[in-house]
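Chain by chain, the residues:
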Amino acid sequence: MSAPSRSDVPPTSIGVDLREEGVVVEYLDGRTTLYRGVPESAEGSVTAGPGKETHVLVTDPTETEGVMTYVNDYKTDDEILEESGVGRVIVEDGERDEVFPGVIVGREGQRNEVVADPEIAGGRVFVFVEDGWTEGSYEIVEGPEDGLDAHR
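These numbers were taken from a predicted model, which means no experiment stands behind them.

Time to look at a negative patch on the surface. Side chains of Glu43, Glu142, Glu145 and Asp146 sit close together on the surface and give a patch of like negative charge. Position of Asp146 among the secondary structure elements: in the segment after β13 (135–142). Residue classification places Asp146 among the exposed positions, given a relative accessible area of 51%.

As structure tokens, this is what we get:
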């Protein structure tokens, strides 16, 4: 029996609560997740190590809502993503895709990269990188020095 195929799923606006202990995301199905810790500031981009899950959250200007997309997630069923409001984008090695205005994701080898300019995105850009043992939270606080066009 073969595994179900995974495809791109568009995100829907979900709830966001920025707290001292981290970033809380409230999914459309009522579940919540806490991404622990104050996100580390990053300039221009965040690159996830091999085997790490990569989640990108872009808030609206009020910082109470946002859209979240999983990058190269092959585990979560399309139906679960649709019910939760989370999107998914699949990018192949060497490819790049602009998932939101001002936010580009790409893949180089086994690593996912998120390049963003929060000014163009119109809100805050968070990247959560995790596996079964570690979690990392980042906020891209300014665009890449060479501009977004260099990464398209």
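Back to the write-up after that little detour.
What follows is about the nonpolar core. As a rule of thumb, soluble globular proteins bury nonpolar side chains together. Judged by nonpolar contacts, the single largest core of 18 residues is most densely connected at Val56, Val58, Val103, Val105, Val114, Val125 and Ile140. Every element with two or more residues in this core is listed here: β6 (53–59), β10 (103–108), β11 (111–116) and β12 (125–130). For this core, the element with the most residues is β12, which contributes 3 residues. With residues up to four places along the chain from it excluded, the contact list for Val105 reads Val56, Val71, Val89, Val91, Glu95, Arg96, Asp97, Val99, Glu113 and Val114. Residues Val16, Leu57, Met68 and Tyr70 belong to the second largest nonpolar core, which totals 14 residues.

Definitions and limits used
- Residues numbered from 1 in each chain as written.
- Predicted model: local features only at pLDDT ≥ 70, side-chain atom pairs only at ≥ 80, totals over all residues.
- Heavy atoms only, no water.
- Patch = residues over 30% accessible without salt bridge, like charges linked within 9 Å, V, L, I, M, F, W, Y side chains within 5 Å.
- Areas by Shrake-Rupley, 256 points an atom, 1.4 Å probe, with all protein chains shown as cover.
- Salt bridge = Lys/Arg side-chain N within 4 Å of Asp/Glu carboxyl O.
- Lys, Arg positive; Asp, Glu negative; His and termini not counted.
- Charge placed at Lys NZ, Arg CZ, Asp CG, Glu CD.
- Helix = DSSP H or I, 4+ residues; strand = E, 2+ residues; numbered from the N terminus.
- Buried < 20%, exposed > 50% of the residue type's maximum accessible area, 1.4 Å probe, protein only.
- Core = buried A, V, L, I, M, F, W, Y, C linked by side-chain atoms within 4.5 Å.
- Contact = heavy atoms within 4.5 Å.

Limitation: the analysis is restricted to geometry and does not speak to function.
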